[in-house]
Amino acid sequence: MEWVDGQPLSHHLREGGLDLATFFRFALQIADALEAAHRRDVIHRDVKPGNIMVDGDGHIKVLDFGLAKRRRPRNQELVDSRTLTQDGHMVGTLPYMSPEQLQGGLVDHRTDVFSLGIVLFEMATGGRPFQGDSWGDLASAILRDDPPSATELRVDLPRHLGRILRHCLEKDVKRRFQTVLDLRNELADLQKELVTGELPSGDVLTPPKPKTNGRLRAGAWGAALVAVGLGAGYLALGPDLVTQTPTVEVRPEIQRVAVTPFQNLGPEDEAYFATGIAEEISSRLARISSLRIVSRQRLGASDAPPDADFLLEGTVRWDAQQPDSLLRRVRVTPRLIRVDDGSQLWSQSYERVIDDIFAVQSEIAAEVISQMDIAVLESERKALSGRSTTDVAAYRAYLQGMKLAGRRNPTSRHWREAQERFERAVELDPGFAAAWAELSEVHSLAVQLGLERSDGDTDRRREALNAAERALELDGELPEAHRALAYYHYWCHRDYERALASFRRAAEANPNDPQVLAGMAFIWRRQGRFDEAAGALQTALDLSPDSAWLASEVADTFRRLRRYRRADTYYARAIELEPGEPSAFHLRCVNYLLWRGDLDACRRVLTDMPQPTATSSRVIWYSLELLSGAPELALGHLDGIDAGLLRSLSARAPLELIRARVFRASGQPEKALPLYAAATRALERRLADEGDDPLLLNPLAEVYAATGRDEESMEAIAKAVRMLPVEDDAVAGAALMLDQAAVYAQLDRQDLAVPILEKVLALPGDVSPHLLALEPRWVPIRETPEFQRLLPPRAE
């Protein structure tokens, strides 16, 4: 046999898995080697890290074909594994064996696909997918257990890599990759998509000059490429099996920079300007593909972020003279610090008149790039030097709008004021593309949240589109403009494909924007792709680790996946980051109810909640008391609410209906009837004015069911579900199905309600056996055997 001067792959494996560049470099070579063997009808049957050698140059050689067997031609294509050893035992190495090998049956090249899948899983995560304390336990796991999700074990893995690994590890050979070549091509395509941002076929990307002192590791989207020739790797099976290893694409080093808000050394009302300057510099840096920008809005000047290589901080000091003049001078002093040793790489003071602040931002961004020795693509240079506006007053209004909008929290309560600032910015400078983009997002957000204007949502939708199109007219490459168009398609029209296309355009231009990742994740949730959404939101949170909003969105996704413990961790993080915002307290309470039906834990959370008199806070307290069997307390929390329709995920319910539920649950139907009548009038009037809307039909079905209009009730809820099916919206659709089951329960039709509940419990969503046991809406069917089977076991 050939002498290979190197180490087995097992020597290179480490806890947490290989970095992605090394993973793809090794994986593609291993797949090429096995494909060459399969082309000559040779099945390895003992693929494992100990049989894969890595030489000193990083070349892969697949060795030890001692258990290999050629497939028999024509009349017996498969190899009987039971005939290949003298003592009749199964061949292979147990932790890497396929199910068909363990069962001692016929195997073909797809058994190597399964074994390679285990090796790739171990390379990616640092652990094998199947575990067992004994031979029998391990064999049983391989034969029966589903492998864990690789992207949950290691959240920075690309979501599609998890899919590829699962496909390798299918128990049924017909459901696996049918050839190693298919697997190899999937990996190569994924690698290309990751590093190019789905670069279209035929496009050419000029690589930057490679760094000589860099280290390879995983990084942000759209990283530039360095082509590295890996030389020839081959199998030790004779000259006819020699295969050439192709050149592969490897990312350059990705540097992580934490950017903190610059310290304002002037009047308090100028603080937005210091924060805005840091944001603008961060935005320019974010356009560089070999940088990963970590936004640290709450990071103190003395804090060293553990998740970054460099820290950019600074101060802004104003000249006290001429406060309202364009000749007013401002001094900006940035500092670039190396995190690992705290050394200051660079600092410089820029003292300019306010009218020249745009040039200062460009100079600072360019100097940061220079100090870090970052290679910049030609297409990225424009982002460093471009000016969004030349009008200082418009720029001030824009920065004020950004602060009010809460860029890291799009549900900011100050959205109306933000809208006014953005409108002022584009009035002063109609050519201000970034301001138009932000104005578009504010309008789209208002539609999504149901914050209607007097002239209705239709006009607001039109204004959102007009503003996004105006931004793109002014700057067709502006990532914020593509992002605004994406949110318009998503929030205003649920047009997921157009929204995703625009989000991808935005990501190509700015791979570091957490708002883009979050937007794509929201759509994936609606499409039922919850695991992918969780991964994308965790990546967005990694880019903006002090965002309470993103932490809460990660938690929401895990809650719907019924991974309640993980959800609770992220809700706690959101509360720690923003203790004055009540929404995370509300949702953590819901999580406890779904998780364990724990009313006491929910009550403890709400007791610490800020803004207890806000409408949303009153409603969550109302719900808790209703579940606790305290109707009078529930009603008390509704006092003082001044709202026409209270919105939920699946309904826009009048306050009268919310009150009527209490009287129905407490056995006082005579008090509920006039409230149902008022709710009926309100809902029918809205439907007449606005047309069919599933979020209005749903509560109307509940009202009809409560007032004896059974057929109309069933027709209304069926229509609502048809209008927004779970196939089109996995989030709202599942919630509507749950409400449909509740209507059937109200009509004493457990034969219709229970089958729907069984379906909903099998989908991601906000229903659980513990919550079913608490909710009064299931009382009419609660004692039926069919419903009881859905509940958690009763304590002895």
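Residues numbered from 1 in each chain as written. Predicted model: local features only at pLDDT ≥ 70, side-chain atom pairs only at ≥ 80, totals over all residues. Heavy atoms only, no water.

S.K.: Break down the pairing of strand E15 (residues 344-347) for me, citing the residues and quoting the values.
M.R.: As paired strands, strand E14 (residues 329-338) and E15 are joined by three bridges and run antiparallel to one another. Residue pairing for E15: Arg335 is matched across the bridge by Ser347. Between E14 and E15, which pair antiparallel one after the other, the connecting turn spans five residues, and Gly342 there sits at a positive phi close to 75°. (Pairing = 2+ DSSP bridges. Helix = DSSP H or I, 4+ residues; strand = E, 2+ residues; numbered from the N terminus.)

S.K.: Tell me about the confidence of the model for the chain, residues and numbers included.
M.R.: Per-residue confidence for the chain gives a mean pLDDT of 81; residues scoring 70 or more make up 81%. pLDDT under 50 marks residues 72-91. Its contacts with residues more than four places away, or in other chains, come to 37 contacts. A low-confidence stretch, residues 197-252 stays under pLDDT 50, and its non-local contacts, those more than four residues away or across chains, total 131 contacts. (pLDDT = per-residue confidence, 0-100. Contact = heavy atoms within 4.5 Å.)

S.K.: Kindly report on the environment of Arg661, identifying the contributing residues and their values.
M.R.: Topologically, Arg661 is positioned in helix H26 (residues 655-665). Residue class for Arg661 comes out partly exposed when judged on its relative accessible area of 29%. Between the alpha carbons of Arg661 and Pro776 there is a distance of 9.0 Å; along the sequence they are 115 residues apart. Apart from the residues within four sequence positions on either side, Arg661 is in contact with Tyr622 and Glu702. (Buried < 20%, exposed > 50% of the residue type's maximum accessible area, 1.4 Å probe, protein only.)

S.K.: Give a detailed account of helix H7 (residues 159-168), specifying residues and quantitative values.
M.R.: The set of residues buried in H7 consists of Leu161, Gly162, Ile164, Leu165 and Cys168. Here the buried residues of H7 occupy an arc of 160° about the axis, which is enough to place them on one side. (Arc of directions from axis to C-beta.)

S.K.: Which residues make up the pattern of salt bridges, and what are the values?
M.R.: Side-chain pairs of opposite charge can arise where the charged atoms are in close proximity. Within this structure, the stated rule accounts for 39 salt bridges. Arg424 is paired through a salt bridge with Glu427; the nearest N and O atoms lie 3.6 Å apart. Within this pair, Arg424 and its partner Glu427 are both found in helix H13 (residues 415-428), separated by three residues, close to a single helical turn. By relative accessible area, Arg424 is classed as partly exposed at 39%. Assessed through its relative accessible area of 56%, Glu427 is described here as exposed. A salt bridge links Asp766 to Arg559; the nearest nitrogen and oxygen atoms lie 2.7 Å apart. Pair noted here: Asp766 is in the loop between helix H31 (750-761) and helix H32 (769-774) and Arg559 is in helix H20 (residues 548-560), with a separation of 207 residues, a long-range link. Three or more residues joined by partner-sharing salt bridges are found here, namely Glu152, Asp531, Arg563 and Arg566. (Salt bridge = Lys/Arg side-chain N within 4 Å of Asp/Glu carboxyl O.)

S.K.: Run through the packing of helix H16 (residues 479-493) against helix H18 (residues 514-526), naming residues and quoting values.
M.R.: Orientation of H16 relative to H18, taken along the N-to-C sense of each, is 20°, at an axis distance of 11 Å. It follows that H16 is roughly parallel to H18 by the angle criterion. The handedness of the crossing between H16 and H18 is left-handed. In this structure, H16 contributes Arg483, Tyr487 and Tyr490 to the contact, and H18 contributes Gln515, Val516, Ala518, Gly519, Phe522, Ile523 and Arg526. Of the residues in the contact of H16 with H18, the class split is six nonpolar, two polar and two charged. (Axes fitted to C-alpha atoms, helices over the stretch in contact; angles between N-to-C directions. Parallel < 35°, antiparallel > 145°, perpendicular 65-115°, else oblique. Left-handed = near helix turned anticlockwise from the far one by under 90°. Nonpolar A, V, L, I, M, F, W, Y, C, P; charged D, E, K, R; others polar.)

S.K.: Go over the packing of aromatic side chains, please, and point to the residues and values.
M.R.: With the rule as written, the count across this model stands at 13 aromatic pairs. With a centroid separation of 6.0 Å and 10° between ring planes, the pair formed by Phe114 and Phe130 is classed as stacked. With Phe114 in helix H4 (residues 110-125) and Phe130 in the loop between H4 and helix H5 (135-144), this residue pair connects regions lying 16 residues apart in the sequence. Through successive ring pairs, a cluster of aromatic residues spans Tyr487, Tyr490, Trp491, Tyr496 and Phe503. Above the face of the Trp595 ring, Arg596 is positioned so that its terminal group lies 4.3 Å from the ring centre. (Phe/Tyr/Trp six-rings, centres within 6.5 Å; stacked < 30°, edge-to-face > 60°. Lys NZ or Arg CZ within 6 Å of the ring centre and 35° of its normal.)

S.K.: Now, about the pairing of strand E3 (residues 52-55): what can you tell me, with residues and values included?
M.R.: A regular strand carries its side chains on alternate faces of the sheet. Alternating residues of E3 divide into Ile52 and Val54 and Met53 and Asp55, and every residue in both groups is buried. As paired strands, E3 and strand E4 (residues 60-62) are joined by three bridges and run antiparallel to one another. Bridge pairing links Ile52 to Val62 in E4. Where E3 folds back onto E4 in an antiparallel hairpin, the turn is made up of four residues, including Gly58, whose phi is positive at roughly 85°.

S.K.: Which residues make up the environment of Ala509, and what values go with them?
M.R.: Examined against the element boundaries, Ala509 turns out to sit in helix H17 (residues 496-509). Taking the C-alpha atoms as reference points, Ala509 and Ala286, separated by 223 residues in sequence, lie 9.0 Å from one another. With near-sequence residues (within four places) excluded, Ala509 lies in contact with Arg287, Glu477 and Pro479.

S.K.: Outline the nonpolar core, supporting the account with residue identities and numerical values.
M.R.: The biggest cluster of nonpolar side chains holds 64 residues, and the ones touching the most others in it are Leu285, Leu291, Val332 and Tyr398. Here this core gets nine residues from one element, more than from any other, and that element is helix H14 (residues 433-449). Within the second largest apolar cluster, 61 residues are counted, among which are Ala534, Leu561, Cys589 and Leu627. (Core = buried A, V, L, I, M, F, W, Y, C linked by side-chain atoms within 4.5 Å.)

S.K.: Talk me through the state of the cysteines; I want residue IDs and the actual numbers.
M.R.: Considering all chains together, one arrives at one disulfide under this definition. Note on cysteine connectivity: Cys589 is disulfide-linked to Cys602, with sulfurs 1.6 Å apart. Linking Cys589 in helix H22 (residues 583-596) with Cys602 in helix H23 (residues 599-607), this pair joins segments that are 13 residues apart in sequence. What makes Cys602 buried here is its relative accessible area of 0%. (Disulfide = S-S within 2.5 Å.)

S.K.: For the packing of helix H12 (residues 392-405) against H13, give the residues involved together with the corresponding values.
M.R.: Helix-helix packing: each pair is described by the crossing angle between the helix axes and the interaxial distance. The interhelical angle for the contact between H12 and H13, taken along N-to-C directions, is 160°, at an axis separation of 8 Å. The orientation of H12 relative to H13 falls into the category roughly antiparallel. Crossing geometry of H12 relative to H13 is assigned as left-handed. On H13, the residues touching Ala393, Ala394, Ala397, Tyr398, Gln400, Gly401, Met402, Leu404 and Ala405 of H12 are Glu417, Ala418, Arg421, Phe422, Arg424, Ala425 and Leu428.

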